[in-house]
Structures are given as structure tokens and as C-alpha cells.
Amino acid sequence: MIKKSSLFLILVLLIGCKSKQISNEAPEKPAFTPLNLNQVNSSLKKRTYELGKRVLMTCNTSTFKPFTSDEATSEVIQKINKDRISETCQNIIRSFGKFNDIKLIEVYRVETEQLTVFRYKCDYEKKYRLKELRITINDAKQITALTTIDWNDTFSY
């Protein structure tokens, strides 16, 4: 009887302590859709170009005009300040030289997040490495993210 009750108790413990299944899958990334440049609103293209160029020109002119709440979200306004841009500019000028211009290459739509991502190739004085300026805008036409990274022909979000 003791053997049966011990066996029953062990069986109950094993069932009660079943392991939780752990998923090795990465969280699902949002789907993005490439947009034809001709179909993107020209005023939106102009707005992102001007805002992006304004930030990058800071490295040449040493003057920074902060974003307004119409131009960017409060998170972006807090993150992109004179001190942060000054620090970034020192590294950019040392590595790439003077900033010349940006050219819009691709636009993507992330419908699940209601965002539009503009990919610009940056043109600097030193041409040994390409840089990308990525400007993400919400449907209210505010910048939600502004990032400079090394250029990669394949877009990843």
C-alpha cells in the first residue's frame, strides 16, 4: 500500500511540475511594404528631405535649430538636442568630412504601426563608405525616429 501511494504521489508531482514550453522563435517583425517613389506625396518627400538635411547640415554650420512639436514627437525632440548632435558631428566630420547632400532612395510603409520610412543615401566629402539617413514619420507627419547607419542595399526594419 505504501508503494502504491508513493508511486501515486510521485506521479502527481510529475504531472504538476510539467515544464513550460519555451519558444526559440524571435518576436515577429512588422511587415513593411515598399512604395513607388512616384506615388509618395511630394510634400511629404520635401518635408523629410528638409528636416533630414537640416540635422545633417548642423555638422557644417555648428548651428542647430530644434524640432517643433509639429515636426517631431516629444521623444525625438528630447533625444535630438544640441549636445547630442555636437558629439555625433565630431565623429561624422572626422570620419566622413563635410556633409554635402542626401538623396531619397526608397520609401517603405509599415501599416501595422502606421509609419512611413524614408531611406536617404548621404553624400559626404570622403566617399570611402556610404551612410544612410533613415527618417521614420507617423501619419501625423511627425518624425518618430531619425537614424544614421551604414548603407546596406537590403532594407531591414
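Now for a look at the structure at hand. The numbering scheme is per chain: residues are counted from 1 as the chain's sequence reads. A pLDDT threshold of at least 70 governs which residues receive local features in this predicted model, and a stricter bar of 80 or more applies before side-chain atom pairs are shown or counted, although totals over entire chains, interfaces and linings include all residues. For side-chain calculations, the full set of non-hydrogen atoms in the structure is used, while hydrogens and water are omitted.

## Considerations on the sheet that holds strand S2 (residues 99-110)
So, step 1. Within the open sheet, the 5 strands sit side by side as S1-S2-S3-S4-S5. Their pairing is antiparallel. In the strand order of this sheet, the two ends are held by strand S1 (33-35) and strand S5 (143-150), each with one partner. Taking the axes of each pair of neighbouring strands and ignoring which way they run, one obtains an average angle of 30° across the sheet.
So, step 2. Here strand S3 (residues 115-124) pairs with strand S4 (residues 131-138) via 8 bridges, running antiparallel. For two strands to be treated as a pair, DSSP must find at least two bridges joining them. Only DSSP runs of H or I covering at least 4 residues are called helices, and only runs of E covering at least 2 are called strands; the numbering of each starts at the N terminus. Between the N-to-C directions of two axes lies an angle of 0 to 180 degrees, each axis being a line fitted to C-alpha atoms and, for a helix, fitted only over the stretch in contact.

## Observations concerning the side chain of arginine 54
So, step 1. The topology assignment puts arginine 54 in helix H2 (residues 42-61).
So, step 2. We call two N or O atoms a polar contact when they sit within 3.5 Å, provided that within protein one can donate a hydrogen and the other can accept it, with sequence-adjacent residues counted only if both atoms are side-chain atoms. Polar side-chain contacts of arginine 54 include one of 3.4 Å to the backbone oxygen of proline 66.
So, step 3. Within the structure, arginine 54 has its side chain in polar contact with the side chain of glutamate 71 (distance 3.0 Å).
So, step 4. Those residues in contact with arginine 54, other than ones at most four positions away along the chain, are Lys65, Pro66, Phe67 and Glu71. For this analysis, residues touch if any pair of their heavy atoms sits within 4.5 Å.

## Digging into H2
So, step 1. Over its 20 residues, H2 runs 27 Å from end to end, which matches the ideal 28 Å to within 8%, given 1.5 Å per residue.
So, step 2. Summary of the burial criterion: residues with accessible area below 20% of their type's maximum are buried, those above 50% are exposed, and those between are partly exposed, where the area comes from a 1.4 Å probe applied to protein chains only. Every buried residue of H2 is accounted for by Leu44, Thr48, Leu51, Gly52, Arg54, Val55, Leu56, Thr58 and Cys59.
So, step 3. Where H2 is buried, its residues meet helix H4 (82-96), S2, S3, S4 and S5. To estimate how far a helix should reach, multiply one less than its number of residues by 1.5 Å.

## Topic: the environment of cysteine 89
So, step 1. Secondary-structure assignment places cysteine 89 in helix H4.
So, step 2. The class of cysteine 89 is buried, set by a relative accessible area of 7%.
So, step 3. On a C-alpha basis, the gap between cysteine 89 and threonine 58 in space is 7.7 Å, while along the polypeptide they are 31 residues apart.
So, step 4. Leave out the neighbours within four places in its chain, and cysteine 89 touches Thr58 and Cys59.

## Comments concerning H4
So, step 1. Along its 15 residues, H4 runs 20 Å from first to last C-alpha, staying within 8% of the 21 Å computed at 1.5 Å per residue.
So, step 2. Packing partners of the buried residues in H4 comprise H2, S3 and S4.
So, step 3. Of the residues that open H4, the one with a side-chain oxygen 3.2 Å from the backbone nitrogen of aspartate 83 is asparagine 81.
So, step 4. Positioned one or two residues after H4, glycine 97 has a phi angle of 80°, which is positive.

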